[in-house]
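# Chains, contacts and geometry: an overview
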Amino acid sequence: MPGPVVVTGGSRGIGAATARLLAQRGHAICLSFVHDAEAADEVVTACAAAGIEAIAVRADVSVEADVVELFRTADAELGPIAGLVNNAGVVDRQARLEEITTARLERMFAVNVTGAFLCAREAVRRLSTRHGGGGGAIVNVSSRAAVLGAPGEYVDYAAAKAAVDAMTVGLSKEVADEGIRVNAVRPGLIATEIHAQGGEPGRVHRLAPTLPMKRPGRVEEVAAAIAWLLSDEASYVTGSFIDVGGGR
Ligand code: NAP
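What counts as what
- Residues numbered from 1 in each chain as written.
- Predicted model: local features only at pLDDT ≥ 70, side-chain atom pairs only at ≥ 80, totals over all residues.
- Heavy atoms only, no water.
- Helix = DSSP H or I, 4+ residues; strand = E, 2+ residues; numbered from the N terminus.
- Buried < 20%, exposed > 50% of the residue type's maximum accessible area, 1.4 Å probe, protein only.
- Salt bridge = Lys/Arg side-chain N within 4 Å of Asp/Glu carboxyl O.
- Core = buried A, V, L, I, M, F, W, Y, C linked by side-chain atoms within 4.5 Å.
- Contact = heavy atoms within 4.5 Å.

### What about unusual backbone geometry?
- With a phi angle near 50°, Ala 150 is a residue other than glycine that sits in the positive phi range.
- Relative to the helices and strands, Ala 150 is located in the loop between helix H5 (145-148) and helix H6 (155-174).
- Overall, the relative accessible area of 9% leaves Ala 150 in the buried class.
- A positive phi angle, near 60°, is found at Lys 214, a position not held by glycine.

Have a look at this one:
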């Protein structure tokens, strides 16, 4: 039986699709959410329907005490974890750099960067053979924006995801001989509610014709790449990136 996995931001979008797929593959799931308890409960119910133990924990990844409690709850209710999907992330209203405030920057980096680091830290403390763990895998959910830069929309978000990419490379080497693989997916334009946060719910439809594949991606298409990186099929893959961007 594959071990329990913590999926941050597992209540909606890519995280929810990943939690459902991992549950189908036999992983117990501990998902985190902040606002949408109803959506989180739906994912838990779907996992339970597949005969899999799943719990939802309200935990803001940018708050250290919440992250510590998230992993403590996973330990207590599901047993030793085998993996982390570092998925929780936010954008902000589309804006040019000269309009970006300090408050916005602080939130952007607190959730997307500090949150990813804190969760990776808690996972390494449990998985690393150096700490008596049995090894495992971490998958960071970055973005094609880290490479493309998101000009005119959210350069700050792109920079935050570039930090996640750098962490993926560095951490993968740091823990490679401690039984932990660290990889990332870089989704492109995926149809989720995150685009409404940027102030343009229809963003995927506006941009779809500009993509080589001429369509947005589906959450299941990202979840499949995440699940593969987490699985033993990727046993010799670490410090790697899978772009799930329809060619862009
Ligand atoms: P989404 O539909 O907006 O879902 C975001 C999820 O993250 C929700 O479950 C939300 O929970 C949770 N979340 C938000 N802030 C959080 C926080 N501070 N602490 C813990 N959980 C938090 O977003 P998505 O499109 O699935 O995005 C998932 C990841 O993929 C993000 O890292 C995003 O940057 C990345 N990504 C998305 C796209 C895309 O086109 N959709 C492209 C590239 C990368 P609540 O509902 O409870 O707040």
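Having put the structure on the table, let's press on.
### Here we look at the environment of Gly 170
- Mapping Gly 170 onto the fold places it in helix H6.
- For Gly 170, a relative accessible area of 35% gives the class partly exposed.
- Spatially, the C-alpha atoms of Gly 170 and Met 108 are 21 Å apart, while their sequence positions differ by 62 residues.

### Structural notes on the pattern of salt bridges
- Taken as a whole and assessed by the stated rule, the structure comprises 18 salt bridges.
- Between Glu 122 and Arg 126 there is a salt bridge, and its shortest N-O distance comes to 3.0 Å. Linking Glu 122 with Arg 126, this pair stays in helix H4 (residues 102-127), spanning four residues, or about one helical turn.
- You can call Glu 122 buried: its relative accessible area is 4%.
- Judged by its relative accessible area of 24%, Arg 126 falls in the partly exposed class.
- The partner of Glu 200 in a salt bridge is Arg 206, and the shortest N-O contact between them spans 2.6 Å.
- Looking at Glu 200, the relative accessible area reads 18%, which means it is buried.
- Judged by relative accessible area, Arg 206 falls into the partly exposed class, the value being 41%.
- The network of salt bridges with common partners includes Glu 64, Asp 75, Arg 121, Glu 122, Arg 125 and Arg 126.

### Concerning the nonpolar core
- Core analysis: the biggest nonpolar cluster contains 35 residues, and Leu 22, Ile 29, Val 85, Val 185 and Ile 226 have the highest contact counts within it.
- Listing elements by their share of this core, those giving two or more residues are strand S1 (5-7), helix H1 (13-24), strand S2 (29-33), helix H2 (37-49), strand S5 (136-141) and helix H9 (219-230).
- Here this core takes eight residues from H9, the largest share from any one element.
- Among residues more than four places away in sequence, those in contact with Val 185 are Val 139, Asn 140, Val 141, Ser 142, Ser 143, Val 222, Ala 225, Ile 226, Leu 229 and Ile 242.
- Residues Val 6, Ala 59, Leu 84 and Ala 120 belong to the second largest nonpolar core, which totals 30 residues.

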